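A closer look at the structure
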Amino acid sequence: MNITFLDLKAINLAHRDELKAAFERVLDSGWYILGQEVKAFEQEFADYCGTPHAVGVSNGLDALHLILRAWGIGEGDEVIVPSNTYIATWLAATYAGATPVPVEPDEATCNIDPARIEAAITPRTRAIIAVHLYGQPADMDAIMAIADRHGLKVIEDAAQAHGALYKGRKVGSLGHAAGFSFYPGKNLGALGDAGAVTTHDAALADKVRVLANYGSQQKYHNELQGFNCRLDELQAALLRVKLPHLDAETRRRQEIAAQYQQGLQDCSLTLPTVLADTTPVWHLYVVRSAKRDELQQQLAAHGIGTMIHYPIPPHLQPAYAGLAYRQGDFPIAERIHQQVLSLPMGPTMNDEQVSIAIAAARACSV
Ligand SMILES: *Cc1c(COP(=O)(O)O)cnc(C)c1O
């Protein structure tokens, strides 16, 4: 039996009737941008994250970018980012005109290593973007303490971590602001691109809202040179269907992760390490192997779909050739990128599929 890496169709068809009803509601309303659906979703998502404010935006990258813009971070400023992340984290900084300054991860958690942040701070540093990679919370208390000492802002890149807990608190409520993605493959996924900013800061929420809507609070009055980065009514309505199911879907991901941890514990793969006092939401279940490419090929031969998150670190992407980094500059991130493999993971996987994936991984000679 073939096991697909992520069965997006099954995930959405589980809510088929509700999604169709939401679509019809928006269609029949005749109102498609900045209306009641976005407003209601913002309130529901803010409540979910434990923040007073959420602002719906076009996608996760725009969420991060608009936060930096709203703080006036740009040309001449530096933003600390993980060397081990999806490139969008870096692009947010460069969209704003700032320079991303990479900091290596903790080898065990793959998240930014707080012990290495201070060495990267300069007089130009304005902010730190902490990523909760693979759905595992970054060590936010340590990061916030450093930021407080140096007067820096902290953004959580929570694109992979909807609902994850750090010391009992939801991600998205831990930094000065957070960016979420609702890209279809994320734990809370729209049927297109969508995102949100969450924050405790009312002024920041207002500024992001204005920037995302052409710099305008009142139609045809533009206070700022803004952007068009709005969440639309249709995606908001579809997200309102899926948000109430998120915790159940997360619990299923957690069961699958526990089965992987148990089933793979005594084989040659390096399994994910969970930071103490955190509850990850397992956007991805990522193992490591020195023979990753062979492992992936052997699993493919068994019909097991896997993916690599990610094959090339941002500092070695042609897109960032201008920063003049070389192979070897961020060896921990480079090693992680060479060794990681994401096993099938998703809320619609059943126990039999998980067992088959585990048996196949155990049978691989790597
Ligand atoms: C998906 C993702 C983003 C970007 O979100 P989009 O909605 O695709 O723009 C940013 N950061 C991380 C870590 C992501 O996984």
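Residues numbered from 1 in each chain as written. Predicted model: local features only at pLDDT ≥ 70, side-chain atom pairs only at ≥ 80, totals over all residues. Heavy atoms only, no water.

Looking at an unreviewed UniProt entry, the protein carries the name DegT/DnrJ/EryC1/StrS family aminotransferase, with the source organism given as Crenobacter caeni. Per its UniProt entry, the protein bears the Sequence similarities (unreviewed entry) comment "Belongs to the DegT/DnrJ/EryC1 family." (UniProt positions renumbered as here; feature names shortened; annotations may be inferred.)

**A word on the pairing of strand 5 (residues 153-157)**
Taken across its 5 residues, strand 5 has 4 buried, putting it largely inside the fold. Taken together, the 5 bridges between strand 4 (residues 125-131) and strand 5 define a ladder with parallel strand orientation. Pairing of Val-131 across the sheet is with Asp-157, part of strand 5. For the crossover from strand 4 across helix 6 (residues 140-150) to strand 5, the handedness is right-handed. In the sheet, strand 5 pairs with strand 8 (residues 177-181) via 3 bridges, with the strands oriented parallel. Looking at strand 8, one finds that Glu-156 is bridged to Ala-178. (Buried < 20%, exposed > 50% of the residue type's maximum accessible area, 1.4 Å probe, protein only. Helix = DSSP H or I, 4+ residues; strand = E, 2+ residues; numbered from the N terminus. Pairing = 2+ DSSP bridges. Right-handed = clockwise from strand over helix to strand, strands pointing away.)

**Concerning the UniProt feature "active site" (unreviewed entry) in the protein**
The UniProt entry lists Lys-186 under the feature "active site" (unreviewed entry), expressed in the numbering used here. Turning to its location among the elements, Lys-186 is positioned in the loop between strand 8 and strand 9 (195-199). Beyond its immediate stretch of four places on either side in the chain, Lys-186 contacts Ala-159, His-162, Ser-181 and His-283. (Contact = heavy atoms within 4.5 Å.)

**What to know about the sheet that holds strand 5**
The strands making up a sheet associate through backbone hydrogen bonding, with each pair oriented either parallel or antiparallel. A sheet is described by the order of its strands in space; here 7 strands give the open sequence 1-9-8-5-4-2-3, paired in mixed fashion. Looking at the sheet topology across the chains shown, the edges are occupied by strand 1 (53-57) and strand 3 (99-103). For this sheet, the mean inter-axis angle between neighbouring strands, taken without regard to orientation, is 25°. Where strand 8 and strand 9 come together, 4 bridges link them in antiparallel fashion. Looking across to strand 9, one finds that Ala-178 is bridged to Thr-198. (Axes fitted to C-alpha atoms, helices over the stretch in contact; angles between N-to-C directions.)

**Observations concerning unusual backbone geometry**
Residues His-309 and Tyr-310 are joined by a peptide bond in cis, for which omega reads 10°. By the element assignment, Tyr-310 lies in the loop between helix 10 (292-301) and helix 11 (331-339). Its identity is not glycine, yet Ala-324 carries a phi of approximately 60°, on the positive side. Positionally, Ala-324 belongs in the loop between helix 10 and helix 11.

**Focus: the sheet that holds strand 7 (residues 169-170)**
Reading across the sheet, the 3 strands line up as 7-6-12 and stay open at both edges, with antiparallel pairing between neighbours. Edge positions in the open sheet fall to strand 7 and strand 12 (278-279), since each of these has one partner strand only. In this sheet, strand 12 lies alongside strand 6 (residues 165-166) in antiparallel orientation, the contact comprising 2 bridges. When the bridges of strand 12 are listed, Leu-165 appears paired with Thr-279.

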